[in-house]
Amino acid sequence: MKNISTYFYGSLALVAVACGGGTTRSNVDAPVDDNGGSGGGAGMSMTTGGRGGAGGSSQTGGAGGSSQTGGAGGRAGAGGGGMAGAGGVGMAGAGGMAGRGGSTGMGGMDAGAPDRQPMDMMPDRAAREASPEVSMMSADTACTALAASRCAKIKMCTTGFVIDRDYGSDANCLAELKADCLRGAYYPWTDSPPTRTMACATALAAQPCADWFAGVVIPTCATGPGGIEDGGICLSSRQCVSGACQIAATALCGSCLPKVATAGACMTTDQCPDGEVCAANACVKPLTTVGAACGAAKPCASDLSCVGAVGVVDGACQKRLVTEGADCDASLATKPACESRLGLFCKVVVPPSGDGGVTDAGMTDGGVITVGKCTKLTLAAVGAVCGTTMPDGTSVGCSAGARCVRPLPVGSNMRPLTGTCVANVAATVACNTNGASGAGCNLGLRCVATAAGMTTGTCVARVYSACP
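Below or above, wherever it landed, is the structure these notes cover. What you see is a predicted model, and the numbers here were worked out from it, not measured in a lab. (Residues numbered from 1 in each chain as written. Predicted model: local features only at pLDDT ≥ 70, side-chain atom pairs only at ≥ 80, totals over all residues. Heavy atoms only, no water.)

In the structure shown here, the tally under the stated rule is 7 salt bridges. Where Glu 339 meets Arg 341, a salt bridge forms, and the shortest distance between an N and an O atom there is 2.9 Å. For the residue pair Glu 339 and Arg 341, the accessibility class agrees, reading buried in each case. (Salt bridge = Lys/Arg side-chain N within 4 Å of Asp/Glu carboxyl O. Buried < 20%, exposed > 50% of the residue type's maximum accessible area, 1.4 Å probe, protein only.)

Structure (structure tokens):
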């Protein structure tokens, strides 16, 4: 629904939709059975108690072992689809403080998914345990901070336009991005500890708007590799060892793709190294220098336009226009585009028909025009009239994440110039994967086609239980 980077994805409820096929996972799953794990053993003097056993598919994880003189209680066993075990109890030492109780293990989020990758076996275990008081930070706290940082950055860098367009209000932005983050924190075979989320929130707050517009990658916002190997079924790229999950536009589940080196063949940007994109089926670093030769296989960064490129003839990267009233070219033949994230579009006016000759730069007699002025886009409420090319040359978009729906008339392949702003819908409600043809789905849902080759479908909760 949102045209911005999303850091985390997750689940809301269980649904009975199967994507078929098996999943190959990394060799990291601990053996489990249907019984709760046993308690951990007692720790040595001044040390940590033993770690609790892992719970089975439906039982409670074993309690962590008690520690001796001042030591910390053992970590509870993680419930694999069942309940978490209790933390160990620290025993008082002579003349010392009582040991700290072990942290409670996390129950499996997908019921009946006993092969969820244990958090203790994820790459960040050492970092989390090195700072216990930080590692115990809740996902709620970290996701609240990340949502606040993201919404503040969006509002500051776009002067509030993207907030109005995608969310409708600051409160909606905070609520939706926090919910998105929390769902992602519990996807199976991922590693999204609160400490990493909080570090990303801090780094994002300090990122300059120029870097944000250019799409500069923040290293601390990158996540560790997931636990599903190439070819396995996935719902999010962060579940894959490669960090790349390819999902068809009309499907719920996808498959993990192999990681690709610079200049390697790719199908999606997630396969490429950080900071690179998949252009013309190859991983390349976007051009950031004004004047650099650009084209389909040599893309400019997201704050630049490739001006003058025609077929195999290169164009040149130019800064997107950020000033209302600036001269622009909708075709990018002679001038760059207006910065849409500031709510600007290139307004052109159709000239009257005459002798068929060229009447102005970028304008041909007979109604074809490309040169115009950067103009502020108007945002309309749900139910109001909208259109990207209104008869008078203006554009009217939709607010609060709604779509401007302009269905094709029966027997025609030409959409009308105007349509109606339509709000996103809830689970089990009819939707369309084509934004101009019908409603989209609320955050956390995906429009899954009812039949192959169709764009019409139903909104389905994005939960891993539906991707066996």
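Across the sheet, 3 strands lie side by side as 1-3-2; this open sheet has antiparallel pairing. Across the chains shown, the open sheet's two edge strands, defined by having one partner strand only, are strand 1 (233-234) and strand 2 (245-246). Strand direction decides the pairing type here: strand 2 and strand 3 (residues 254-256), joined by 2 bridges, are antiparallel. When the bridges of strand 3 are listed, Cys 245 appears paired with Cys 256. (Pairing = 2+ DSSP bridges. Helix = DSSP H or I, 4+ residues; strand = E, 2+ residues; numbered from the N terminus.)

We now examine the packing of helix 3 (residues 139-157) against helix 5 (residues 170-184). Here helix 3 crosses helix 5 at 135°, and the two axes come no closer than 8 Å. As summarised for this structure, helix 3 and helix 5 are arranged oblique, according to the angle between their axes. Judged by the twist between their axes, the crossing of helix 3 over helix 5 is right-handed. Contact residues: helix 3 offers Ala 139, Asp 140, Cys 143, Thr 144, Leu 146, Ala 147, Ala 148, Arg 150, Cys 151 and Lys 155, while helix 5 offers Asp 170, Cys 173, Leu 174, Leu 177, Lys 178, Asp 180, Cys 181 and Leu 182. Looking at the contact of helix 3 with helix 5 residue by residue, the classes come out as 11 nonpolar, 1 polar and 6 charged. (Axes fitted to C-alpha atoms, helices over the stretch in contact; angles between N-to-C directions. Parallel < 35°, antiparallel > 145°, perpendicular 65-115°, else oblique. Left-handed = near helix turned anticlockwise from the far one by under 90°. Contact = heavy atoms within 4.5 Å. Nonpolar A, V, L, I, M, F, W, Y, C, P; charged D, E, K, R; others polar.)

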